[in-house]
Every structure is written in C-alpha cells, then in structure tokens.
Amino acid sequence: MSASRTPGHSRLTKAHKLSLAGVATLSAAAVAFSLVPADAAEAETTISAAPVAWAQAVNGTQTKALYGHLSTQQVIASANAKAAAAKAAAAKAAAKAKADADAKAKAAAAAKKAREQKAAASRSAARTPVFANNLDGWIKEALFIMKREGIPGSYAGIHRNIMRESSGNPMAINNWDINAQNGIPSKGLLQVIYPTFKAYHVKGTKFDQYDPVANIVAACNYAADRYGSMDNVNSAY
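Reading the values: rules and limits
- Residues numbered from 1 in each chain as written.
- Predicted model: local features only at pLDDT ≥ 70, side-chain atom pairs only at ≥ 80, totals over all residues.
- Heavy atoms only, no water.
- Salt bridge = Lys/Arg side-chain N within 4 Å of Asp/Glu carboxyl O.
- Buried < 20%, exposed > 50% of the residue type's maximum accessible area, 1.4 Å probe, protein only.
- Helix = DSSP H or I, 4+ residues; strand = E, 2+ residues; numbered from the N terminus.
- Polar contact = N/O pair within 3.5 Å; in protein donor to acceptor, adjacent residues only side chain to side chain.
- Contact = heavy atoms within 4.5 Å.
- Axes fitted to C-alpha atoms, helices over the stretch in contact; angles between N-to-C directions.
- Parallel < 35°, antiparallel > 145°, perpendicular 65-115°, else oblique.
- Left-handed = near helix turned anticlockwise from the far one by under 90°.
- Phe/Tyr/Trp six-rings, centres within 6.5 Å; stacked < 30°, edge-to-face > 60°.
- Core = buried A, V, L, I, M, F, W, Y, C linked by side-chain atoms within 4.5 Å.

Participant: Report on the pattern of salt bridges, specifying residues and quantitative values.
Facilitator: What the rule picks out here adds up to five salt bridges. Linking Arg 148 and Glu 149 is a salt bridge whose minimum nitrogen-to-oxygen distance equals 3.3 Å. For Arg 148, a relative accessible area of 51% puts it in the exposed group. Judged by its relative accessible area of 40%, Glu 149 is partly exposed. Between Glu 165 and Arg 164 there is a salt bridge whose closest N-O contact spans 3.2 Å. In this structure Glu 165 comes out as partly exposed when scored by relative accessible area, which is 23%.

Participant: Can you tell me about unusual backbone geometry, naming the residues and giving the values?
Facilitator: Positive phi, normally seen in glycine, also occurs at Ser 167, with a value near 60°. Relative to the assigned elements, Ser 167 resides in the loop between helix H4 (155-165) and helix H5 (178-181). Its relative accessible area of 57% is what places Ser 167 among the exposed residues. Of note in the backbone geometry, Gln 191 takes a positive phi value of approximately 45° without being a glycine. As for its placement among the helices and strands, Gln 191 is situated in the loop between H5 and helix H6 (194-200).

Participant: Quick rundown of the side chain of Gln 191? Include the residues and the values.
Facilitator: Residue classification places Gln 191 among the buried positions, given a relative accessible area of 13%. Among the polar contacts made by the side chain of Gln 191, one reaches the main-chain carbonyl oxygen of Gly 188 at a distance of 2.9 Å. Apart from residues lying up to four places away in sequence, Gln 191 is in contact with Glu 165, Ala 172, Ile 173, Asn 174, Ser 186 and Asn 215.

Participant: Would you mind going over the packing of helix H3 (residues 135-149) against H4 in detail, with residue names and values included?
Facilitator: Running from amino to carboxyl end, H3 crosses H4 at an angle of 130°, the nearest separation of the two axes being 10 Å. Taken as axis vectors, H3 and H4 run oblique relative to one another. Where H3 crosses over H4, the two elements pack in a sense that is right-handed. Only Tyr 155, Ile 158, His 159, Ile 162 and Met 163 of H4 make contact with H3, whose side of the interface consists of Leu 135, Asp 136, Ile 139, Lys 140, Leu 143 and Met 146.

Participant: Tell me about the packing of aromatic side chains, residues and numbers included.
Facilitator: A ring pair, where both rings are aromatic, is described by two values, the distance of the centres and the angle of the planes. Following the criterion strictly, the structure yields five aromatic pairs and no others. Taking 5.9 Å as the distance between ring centres and 55° as the angle between the ring planes, the aromatic pair formed by Phe 131 and Phe 144 counts as tilted. With Phe 131 in the loop between helix H2 (72-127) and H3 and Phe 144 in helix H3, this residue pair connects regions lying 13 residues apart in the sequence. Phe 131 gets classed as partly exposed once you look at its relative accessible area, which sits at 23%. Arranged with centres 6.0 Å apart and planes meeting at 35°, the rings of Tyr 222 and Tyr 237 form a pair that is tilted. Linking Tyr 222 in helix H7 (residues 212-227) with Tyr 237 in the segment after H7, this pair joins segments that are 15 residues apart in sequence. Taken together, the ring pairs in this structure connect Tyr 194, Phe 197 and Phe 207 into an aromatic cluster.

Participant: Give me the nonpolar core: which residues, what numbers.
Facilitator: Counting 24 residues, the largest nonpolar core has Ile 158, Ile 162, Ile 216, Val 217 and Met 230 as its most contacted members. Where this core is concerned, the elements lending two or more residues are H3, H4 and H7. Among the elements that line this core, the one with the most residues is H7, at eight residues. Not counting the four nearest positions on each side in its chain, Ile 162 is found in contact with Leu 135, Ile 139, Ser 167, Gly 168, Leu 189, Leu 190 and Ile 216.

What follows is the structure, encoded as structure tokens:
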C-alpha cells in the first residue's frame, strides 16, 4: 500500500533543499555585488565634494580650502598681513627706484657742470694770448689786463717811463731816495713803493712788487688815478 500525501504540498528531498540553498546564496551575492559599486561611488562622490562645498560655504572660492585648519578670522588676518607685506615691499622698491633716479640725475648734473666749466676754461684759455717773458711781453700782457680793467695807457707811454725808472730791470730797487730813508724803497720796472703797490694792486696779478706785470699794472692804475694816464707821466711821479 502506498503512502498518502497531503493535497497542495510537495515533499522536498534533501537534494532539493541543498539546491535551493545554493540558488539563494548566489542570488544574495549577486544582489550584494550589484549594490557595492553604487554605494562606493556614492561615498566617493560625497567625500570628494565635501571640501568644495565647505570652501564655497565659507568664502565662495576654492582658495579657502587651503586654510581648512584656520578660522575665518585667522584667514582674514593672514590675508591682511600678506597684503601689508606686499604694500611695504612695493613702497620700498619705489623708494629705491626714486633714490637711484635722484642719484643718476645728480651725477648727470655734476657731469654737465664739470663739462661746462671745462669748456669755459678752454674758451678762456683760447682767448688769452701767450706773452713772451721779456720786456716787450710784460708790457703787452700788462696792456691786455689794463684793457680788461679799464685802465688807460699805451705801449709807448709805459715803455718810456720804464726805461727812465729802471732801464727795464724788474729787480731794480732805489736804496738812496727819501722813500728808501723812510723804509719803503721804490721797486720794480716802474719803481713803485709798497703802500702805492698795495693800494693800486689789480686782482688777478701777483701780489709782488718785483713781478713785472703786476708792477706795471699797479703803477699805471696809480698814474691813471693821479695823472689821467701813464702817458702823461714824463718824470718822477
């Protein structure tokens, strides 16, 4: 007699149970595998987006992300300090540039002045003739200076008086007249005493009674003041 079965139910053998368990396991694995990549991508997206979102929330730019460990006040203070340092550096560079420009301008002005002085000296030297170191040259040089200073006199008048007073000897001295007795002997080409030479000496000539040019110019200056010109002198004066 065969065994009876309950209607609507099937009897599962051990083999059937193991087969079903295997299918369930594979299905769960498939579901898990399909979910993990999606979850991982979502997590990665969330992690990478967080700093950007934070940076945009704080200042609206990516720059703040570099200072994630600082407070907003610290970030502002750091930015202000950097701006102040940059401003100070720019001011220092501008001051140095100005100092360099001023130094160059000063050097250029000094160089220009030196060139002008040299050119003036060269022109002056070109205008000044060279005179012989003898009686003729001394008289001509004296006349050149006298013309510049407005002192009257002629070559003939000067030469005539020189020959009478000293015979053309610039080292001549009178040790016997009244002036010599008073301690102020007459000296030089035109026999000038020291007080007269000192009073009528012309700037630009040597302050020396024995210097031939200085002696002539001082004597002619004195003669012009007292007689109108050395040309008017024909005897001791």
